[in-house]
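# Coordinate inspection notes
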Amino acid sequence: MVDQSDERKKLIRSIVFPGFFLFLFWLVKFTELGLETDFSFLGIYPLKGKGIIGILTAPLVHDDIKHLADNSIPVFLLSTAIFYFYNEVAFHVCILVWIITGSLVWIFGREAYHIGASGLVYGFASFLFFSGIIRKNRNLLAISMLVTFLYGSLVWGLLPYDYRISWESHLMGAITGILLAFIYRSEGPVPDIMRMEEEEETGDQEMGEK
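A few words now on the overall build of the protein. Tallying secondary structure elements over the protein gives nine helices and zero strands in all. Helices (α) and strands (β) of the protein occur, in sequence order from the N terminus, as α-α-α-α-α-α-α-α-α. In the protein, the proportion of contacts linking residues at least 24 apart, taken out of those at least 6 apart, comes to 81%.

This next bit is on unusual backbone geometry. The residue E36 is not glycine, and still its phi comes out positive at about 50°. Positive phi outside glycine occurs at L47, with the angle close to 60°. Considering the arrangement of structural elements, one finds L47 in the loop between α2 (16–35) and α3 (54–57).

What follows is about the environment of F182. Within the fold, F182 resides in helix α8 (residues 167–183). For F182, a relative accessible area of 44% translates into the label partly exposed. Along the backbone, F182 and S131 are 51 residues apart, and their C-alpha atoms lie at a distance of 7.3 Å.

Moving on, we get to empty space enclosed by the protein. Take a probe with the size of a water molecule and roll it over the atoms, and the empty space left behind shows itself. Tallied over the entire structure, the rule returns one cavity of 30 Å³ or more. In this structure, the largest cavity spans a volume of roughly 110 Å³. I44, P59, T101, G116 and S169 are the residues nearest the centre of the largest cavity, which is lined by 14 residues in total. Contributions of two or more residues to the lining of the largest cavity are made by α5 (90–108) and α6 (118–135). Among the elements that make up the lining of the largest cavity, the one with the highest residue count is α5 (four residues). Taken together, the residues of the lining of the largest cavity sort by class into eight nonpolar, six polar and no charged.

The next point concerns the pattern of salt bridges. Scanning the entire structure with this criterion turns up three salt bridges. The shortest N-O distance in the salt bridge between K66 and D70 comes to 2.8 Å. Pair noted here: K66 and D70 are both in helix α4 (residues 65–85), with a separation of four residues, about one helical turn. For K66, a relative accessible area of 58% gives the class exposed. For E168, the salt bridge goes to R110, with nearest N and O atoms at 2.5 Å. Separated by 58 residues along the polypeptide, E168 in helix α8 and R110 in the loop between α5 and α6 bring together distant segments of the chain. Overall, the relative accessible area of 25% leaves R110 in the partly exposed class.

Next up on the list: the packing of aromatic side chains. In this description, an aromatic ring pair is defined by two values, namely the gap between the centres and the angle between the planes. Across all of its chains, the model carries 12 aromatic pairs by this definition. When the centroid spacing of 6.0 Å and the interplanar angle of 10° are considered together, the rings of F21 and F25 count as stacked. Pair noted here: F21 and F25 are both in helix α2, with a separation of four residues, about one helical turn. For the pair shown, F21 and F25 are each scored as buried. Joined through ring pairs, the aromatic side chains of F17, F21, F25, F83, F91, W98 and F124 make up one cluster. When the ring centre of Y84 is taken as reference, the NZ or CZ atom of K10 above it lies at 4.4 Å. Cation over ring: K50 sits above Y45, and NZ or CZ is 4.6 Å from the ring centre.

Each value, and the rule that gives it
Residues numbered from 1 in each chain as written. Predicted model: local features only at pLDDT ≥ 70, side-chain atom pairs only at ≥ 80, totals over all residues. Heavy atoms only, no water. Helix = DSSP H or I, 4+ residues; strand = E, 2+ residues; numbered from the N terminus. Contact = heavy atoms within 4.5 Å. Buried < 20%, exposed > 50% of the residue type's maximum accessible area, 1.4 Å probe, protein only. 1 Å grid on protein atoms, 1.4 Å probe; cavity = no way out; pocket = protein on both sides within 12 Å on 5 of 7 lines; lining within 4 Å. Points joined across faces, edges and corners; volume = space filled by probe spheres on them. Nonpolar A, V, L, I, M, F, W, Y, C, P; charged D, E, K, R; others polar. Salt bridge = Lys/Arg side-chain N within 4 Å of Asp/Glu carboxyl O. Phe/Tyr/Trp six-rings, centres within 6.5 Å; stacked < 30°, edge-to-face > 60°. Lys NZ or Arg CZ within 6 Å of the ring centre and 35° of its normal.

Written out as structure tokens, the structure reads:
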């Protein structure tokens, strides 16, 4: 039997870091608005020294409130799922998605400032989805499919159909998520098949005791 109190505590712990993510995103935007300035220069500018700082800062900068709002919900939901199901390695996964995605965009992106957290969205969703496949866990697949449904342009965002959008960030995030799903393939929730076998064994033991 799963202790509901423990599950609540686990869920609360899981939203702390994602909540901090959102706080930073919105703090940067309100600071930008308050100073009546544009932080786009903190984006990633590929293959230029001035653009290296963007590897760290680009996900914090958004074009406008709508851009930020569109990214906030999926980033929060996906990162919360990672911290819930992958507690021991969640921090590493999130930071690696951030750094590796940004680094790949700096190497392969177009000559323009790339800003926004959508690369994180694709990285987190890709990690959960492919980890779910590798570990045969339906919960992870369901979460990614739900976010894909809510974030309708997720698949189309991998293609260069709109050059005002950094599709490179989307693609590099997705690639990073796949890579990390394989690196951490032995981490995370128990595969569904293994869980069913454990439940059957537990049931047999209880019947034997009776």
